[in-house]
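What follows is each chain in one-letter form.
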Amino acid sequence: AISCKASMGNIIKVDFSGRWSQSLDQLMERHIKEETFPGIEILFAQGPEILLHKTWGRQETGSDKPMSLNTVFDIASLTKPVATTSLLLLLQEQGMLDLEEPVATFLPEFGNGAKSKITLRHLLTHTSGLPAWANLYEDSDSLEVARQRLMDIKQEAPLDQRVIYSCLNFLLLGQIITKVTNSDLSRFFQHSISEPLSLENTLFSPAKHWKDLSGIAPTQYCPWRKRLLRGVVHDENARALGGVAGHAGLFSNANDLAKFSQMMLNGGIYGWNRIFKSETVKLFTDNIAQNSTIPKSMGWDKPSGKSSGGVYLSDLSYGHTGFTGTSFWIDPKNEVIVILLTNAVHPSRKVKQPNYFDWRQRVHSSVYESLKITNMNSKLNWRRSW
């Protein structure tokens, strides 16, 4: 449980075990047996109360060490909303940047022509037209070479014409934050977000800072490094950029993510600390889609299609997923937070099972069912199979 006083928006642990269906335990054990993942951690809260925080399975294949309530995970693309979007939110509040400014204002080497019209808002909403991915790391151990490859990326689609979920957008945003603050992304996050929220286990590159890595769930065995990745970012492009990047690289645990999520649910305040203005939180998490059936916000996912957050999310909800097997959703209307952490790419991304994605949606939905919140969101294209 989170060790903090239940005051001014803090979250507290309450006993919910008697109301939780045994079917969840059975489901967890079945998927662990089928090697969908070696272990899993789930935390969900309603209002200020953590109703359930539980783990199943073990940290890695072939080990008896169980997942614990303090296990730290490579949270992959959860880095995008937790770190990068949050820091941009702060900089926007402080007047240090404008979301309508072109990327080239901050990164002149990004280029001219059509790319010169790409703004920070386009990057945040994945409407820049940049491709979903590019190999920045192959045949180079140089951070500068990887960075130059990022600057040279060409658009795949015209500006504002398509939503292409792209890690490159957030790689660029990370570079912009570093340029504006004249500070390493990791240090700026530590000072501006982590310390005010008392996040004890949320950081970039823990292998560089911690002597004992045994509390970190490993991701995959890396063939070219010939070792298991533990405390080292799983994403290759992030590794090429020194392990600190705008799209991936952050490590965290459920306790810390619960604090962060509660702060967002409270409109930017946690404990006695105001991290963001409430109107700025709303600006970044509202559905800003215009003339589109696909809802989107700035830096966050919104309920749409086969949402990873299940079928009961309200339209006000926002969340994100990470490739390593992480997801979290925040639902202001129902005051619900759901955090799901696994290392589903262990011991190799090749064994990551396709049904993991459907299964994740099922778990998020089952939380709402346990709370008897079962008004299905008609905008979610979902055919229930359980």
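Here goes a summary of the coordinates provided. (Residues numbered from 1 in each chain as written. Predicted model: local features only at pLDDT ≥ 70, side-chain atom pairs only at ≥ 80, totals over all residues. Heavy atoms only, no water.)

What follows deals with the overall build of the chain. In terms of regular secondary structure, the chain is built from 11 helices and 13 strands. When burial is assessed residue by residue, the chain has 58% of its 386 residues classed as buried. Partitioning the intrachain contacts of the chain with sequence separation of at least 6 by distance along the chain shows that 66% fall at a separation of at least 24. Accessible area of the chain: about 16500 Å², with a carbon and sulfur share of 49%. (Helix = DSSP H or I, 4+ residues; strand = E, 2+ residues; numbered from the N terminus. Buried < 20%, exposed > 50% of the residue type's maximum accessible area, 1.4 Å probe, protein only. Contact = heavy atoms within 4.5 Å. Areas by Shrake-Rupley, 256 points an atom, 1.4 Å probe, with all protein chains shown as cover.)

Moving on, we come to the environment of I373. Along the polypeptide, I373 turns up in the segment after α11 (355-370). The sequence separation of I373 and N334 amounts to 39 residues, and the corresponding C-alpha distance is 8.1 Å. Setting aside residues up to four positions removed in sequence, I373 forms contacts with Q46, Y312, N334, V336 and Y368.

Another point: the pattern of salt bridges. Counted under the stated rule, the structure contains seven salt bridges. Its salt-bridge partner being R121, residue E100 comes within 2.3 Å of it at the nearest N-O pair. Within this pair, whereas E100 is found in the loop between α2 (79-93) and α3 (103-106), its partner R121 is found in helix α4 (residues 120-124), the two being separated by 21 residues in sequence. For R121, a relative accessible area of 27% puts it in the partly exposed group. With a shortest N-O distance of 2.7 Å, D286 and K282 are connected by a salt bridge. Since its relative accessible area comes to 25%, D286 is described here as partly exposed. (Salt bridge = Lys/Arg side-chain N within 4 Å of Asp/Glu carboxyl O.)

Turning next to the pairing of strand β13 (residues 336-342). For β13, the buried fraction is high: seven of the seven residues fall into the buried class. Neither face of β13 is open: one carries V336, V338, L340 and T342, the other I337, I339 and L341, and all of them are buried. Examined bridge by bridge, strand β2 (residues 39-46) and β13 share seven bridges and lie antiparallel to one another. By the bridge assignment for β13, A45 is matched with I337. Pairing of strand β12 (residues 326-331) with β13 involves six bridges; the strand directions are antiparallel. Bridging from a neighbouring strand, D331 pairs with V336 of β13. (Pairing = 2+ DSSP bridges.)

Okay, the sheet that holds strand β4 (residues 73-74) next. Strand order across the open sheet formed by three strands is β4-β8-β5, with antiparallel pairing between neighbours. Each end of this open sheet is capped by a strand with a single partner; those strands are β4 and β5 (203-204). Sheet analysis places β5 next to strand β8 (residues 250-252), joined by two bridges and oriented antiparallel. Bridged to L203 within β8 is F251.

Moving on, we come to unusual backbone geometry. Here the residue pair H346 and P347 is connected by a cis peptide bond, since its omega of 0° sits within 30 degrees of zero. Checked against the element boundaries, P347 lands in the loop between β13 and α11. Although it is not a glycine, S205 sits at a positive phi angle of roughly 50°. Here S205 shows up in the loop between β5 and β6 (221-222). Of note, K372 is a non-glycine position whose phi angle comes to about 60°, a positive value. Note on placement: K372 falls in the segment after α11. The class of K372 is exposed, set by a relative accessible area of 72%.

Turning our attention to the side chain of S261. If you trace the backbone, S261 turns up in helix α9 (residues 254-265). With residues up to four places along the chain from it excluded, the contact list for S261 reads F328, I330, I337 and I339.

Let's shift gears to the packing of aromatic side chains. What the rule picks out here adds up to seven aromatic pairs. Here W300 and Y318 contribute two aromatic rings whose centre-to-centre distance is 4.9 Å and whose plane-to-plane angle is 75°, an arrangement assigned as edge-to-face. Taken as a pair, W300 in the loop between α10 (278-285) and β11 (318-322) and Y318 in strand β11 lie far apart in primary sequence, 18 residues in all. Each member of the pair, W300 as well as Y318, carries the same accessibility label: buried. (Phe/Tyr/Trp six-rings, centres within 6.5 Å; stacked < 30°, edge-to-face > 60°.)

At their nearest, the axes of α2 and α10 sit 11 Å apart, and the two run at 130° to each other. The orientation of α2 with respect to α10, classified from their angle, is oblique. Considering the relative orientation of α2 and α10, their crossing is right-handed. Residue-level inspection shows T85, L88, L89, Q92 and E93 of α2 in contact with α10, the latter providing T280, V281, L283 and F284. Of the residues assigned to the contact of α2 with α10, the class counts are five nonpolar, three polar and one charged. (Axes fitted to C-alpha atoms, helices over the stretch in contact; angles between N-to-C directions. Parallel < 35°, antiparallel > 145°, perpendicular 65-115°, else oblique. Left-handed = near helix turned anticlockwise from the far one by under 90°. Nonpolar A, V, L, I, M, F, W, Y, C, P; charged D, E, K, R; others polar.)

Core analysis: the largest hydrophobic core is formed by 75 residues, its most contacted members being F189, I193, F260, M264, F276 and I339. Once you skip the residues sitting within four places of it in the chain, I193 turns out to touch S86, L87, L90, F188, L199, F260, I275 and F276. In this structure, L24, I32, F44 and V336 belong to the second largest nonpolar core, which totals 25 residues. (Core = buried A, V, L, I, M, F, W, Y, C linked by side-chain atoms within 4.5 Å.)

A few words now on the environment of N287. Position of N287 among the secondary structure elements: in the loop between α10 and β11. We classify N287 as partly exposed; its relative accessible area is 41%. In sequence terms N287 and K302 are 15 residues apart; their C-alpha atoms lie 7.3 Å from each other. Excluding its chain neighbours within four sequence positions, the residues that come into contact with N287 are P295, K296 and K302. Polar contacts involving the side chain of N287 include one to the main-chain amide nitrogen of K296, which spans 3.1 Å. (Polar contact = N/O pair within 3.5 Å; in protein donor to acceptor, adjacent residues only side chain to side chain.)

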